[in-house]
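A structural walkthrough
This is what each chain is made of:
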Amino acid sequence: MRVVVTGAAGLIGGAVCAELIRQDMDVIGVDKRRTSIDHVLPELRALTTDSLEDLWVGVDAVVHLAGIPSPGVVSDDDLFLNNTVSSYRVFQSAARSGVRRLLLASSISIYGLVWGSARPTLPRLPLGADTDLHITDTYALTKQVDEASAAMASKRYGIPSI
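This structure is a prediction, so every number in the text was calculated from the model and none was measured. (Residues numbered from 1 in each chain as written. Predicted model: local features only at pLDDT ≥ 70, side-chain atom pairs only at ≥ 80, totals over all residues. Heavy atoms only, no water.)

**A few points about the packing of helix α3 (residues 76-96) against helix α4 (residues 138-157)**
Relative orientation and spacing of two packed helices are given, respectively, by the angle between their axes and the distance between those axes. Contact geometry of α3 with α4 gives a least axis separation of 9 Å together with a crossing angle of 15°. Viewed along their axes, α3 and α4 adopt a mutual orientation that is roughly parallel. In the packing of α3 onto α4, the handedness of the crossing is right-handed. The residues of α4 that touch α3, namely those facing Asp 76, Leu 79, Phe 80, Asn 83, Thr 84, Ser 87, Tyr 88, Phe 91, Gln 92, Ala 95 and Arg 96, are Thr 138, Tyr 139, Leu 141, Thr 142, Val 145, Asp 146, Ser 149, Ala 150, Met 152, Ala 153, Arg 156 and Tyr 157. Split by residue class, the contact of α3 with α4 holds 12 nonpolar, 7 polar and 4 charged. (Axes fitted to C-alpha atoms, helices over the stretch in contact; angles between N-to-C directions. Helix = DSSP H or I, 4+ residues; strand = E, 2+ residues; numbered from the N terminus. Parallel < 35°, antiparallel > 145°, perpendicular 65-115°, else oblique. Left-handed = near helix turned anticlockwise from the far one by under 90°. Contact = heavy atoms within 4.5 Å. Nonpolar A, V, L, I, M, F, W, Y, C, P; charged D, E, K, R; others polar.)

**Some words on α4**
Over its 20 residues, α4 extends 28 Å from the first C-alpha to the last, a length consistent with the 28 Å expected when each residue adds 1.5 Å. Looking at α4, one finds that the buried residues are Thr 138, Tyr 139, Ala 140, Thr 142, Lys 143, Asp 146, Ser 149, Ala 150, Ala 153 and Ser 154. Buried residues in α4 make contact with α3 and β5 (101-104). The residue sitting at the N-terminus of α4 and contributing the capping side-chain oxygen is Asp 137; that oxygen lies 3.2 Å from the backbone nitrogen of Tyr 139. Where α4 terminates, the next one or two residues include Gly 158, which has phi positive at roughly 65°. (Expected span 1.5 Å × (residues − 1). Buried < 20%, exposed > 50% of the residue type's maximum accessible area, 1.4 Å probe, protein only. Polar contact = N/O pair within 3.5 Å; in protein donor to acceptor, adjacent residues only side chain to side chain.)

**Section: the pairing of strand β1 (residues 2-6)**
For β1, a buried count of 4 out of 5 residues is recorded, marking the element as mostly surrounded by other parts of the structure. Across 5 bridges, the pairing between β1 and strand β2 (residues 26-31) is parallel. Its bridge partner lying in β2, Thr 6 is registered against Val 30. In terms of handedness, the path from β1 via helix α1 (residues 11-22) over to β2 forms a crossover that is right-handed. Here β1 pairs with strand β4 (residues 61-64) via 4 bridges, running parallel. Its bridge partner being in β4, Thr 6 is matched across the sheet by His 64. (Pairing = 2+ DSSP bridges. Right-handed = clockwise from strand over helix to strand, strands pointing away.)

**Brief notes about unusual backbone geometry**
The backbone phi angle of Asp 24 is positive, close to 65°, even though this residue is not glycine. The class for Asp 24 is exposed, based on a relative accessible area of 70%.

**Some remarks on the confidence of the model for the protein**
Mean pLDDT over the protein stands at 86; residues scoring 70 or higher make up 89%. When mean pLDDT is taken per element in the protein, β4 scores highest with 96 and strand β3 (residues 43-46) scores lowest with 60. (pLDDT = per-residue confidence, 0-100.)

**A few points about α3**
Here α3 spans 30 Å end to end across 21 residues, near enough to the 30 Å set by a 1.5 Å rise per residue. Where α3 is buried, its residues touch β1, α2 (52-55), β4, β5 and α4. In the stretch just after α3, Gly 98 is the one whose phi turns positive, near 100°.

**A few points about the nonpolar core**
Within the largest apolar cluster, 18 residues are counted, with the highest numbers of intra-cluster contacts made by Val 4, Leu 55, Trp 56, Val 62, Phe 91 and Leu 102. For this core, the secondary structure elements donating two or more residues are β2, α2, α3, β5 and α4. Those residues in contact with Val 4 that sit more than four places away from it in its chain are Ile 28, Val 30, Leu 55, Trp 56, Val 59, Ala 61, Val 62 and Val 63. Ranked by size, the runner-up nonpolar core spans 8 residues in total, among them Val 5, Cys 17, Ala 61 and Val 63. (Core = buried A, V, L, I, M, F, W, Y, C linked by side-chain atoms within 4.5 Å.)

The following block contains the structure:
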């Protein structure tokens with residue numbers, strides 16, 4: 001299986017790439033930066049908004065991990081634009097190009113428990129897909145929009161997304 005991992009140079013991305021390679025998958029890592037995983041990853045490409053369409057040739061799946069990893073790194077406007085638009089573009093271009101599976105790493109931050117100004121009481125543990133969201137911060141909102149973008153691509157193109 002040939003898999004593209006966006007955000008391959010990140011903390012989670014590097015671990016995912018290493019595991020996929022261990023499972024004998026053909027991995028193409030994409031990121032805006034290079035890191036110590038270069039020696040592990042046979043192919044690490046620069047991720048630019050212009051390069052998406054050519055990226056998907058012969059690719060079976062995409063694991064989308066790219067994005068600004070927390071609030072406070074850039075302005076809320078830039079955080080929202082970067083994370084949501086890049087996710088939307090990855091899902092739409094991959095699905096249009098024939099990629100058969102989409103995987104998005106969301107975050108516990110989607111519940112509004114990590115970065116938000118409000119501190120909601122948890123209804124129960126473990127948290128699940130039916131747990132109410134208490135979004136009061138931009139990062140949590142980007143995760144909700146990203147999940148909706150993946151779901152839309154899945155429905156539009158008839159491919160599974162996780």
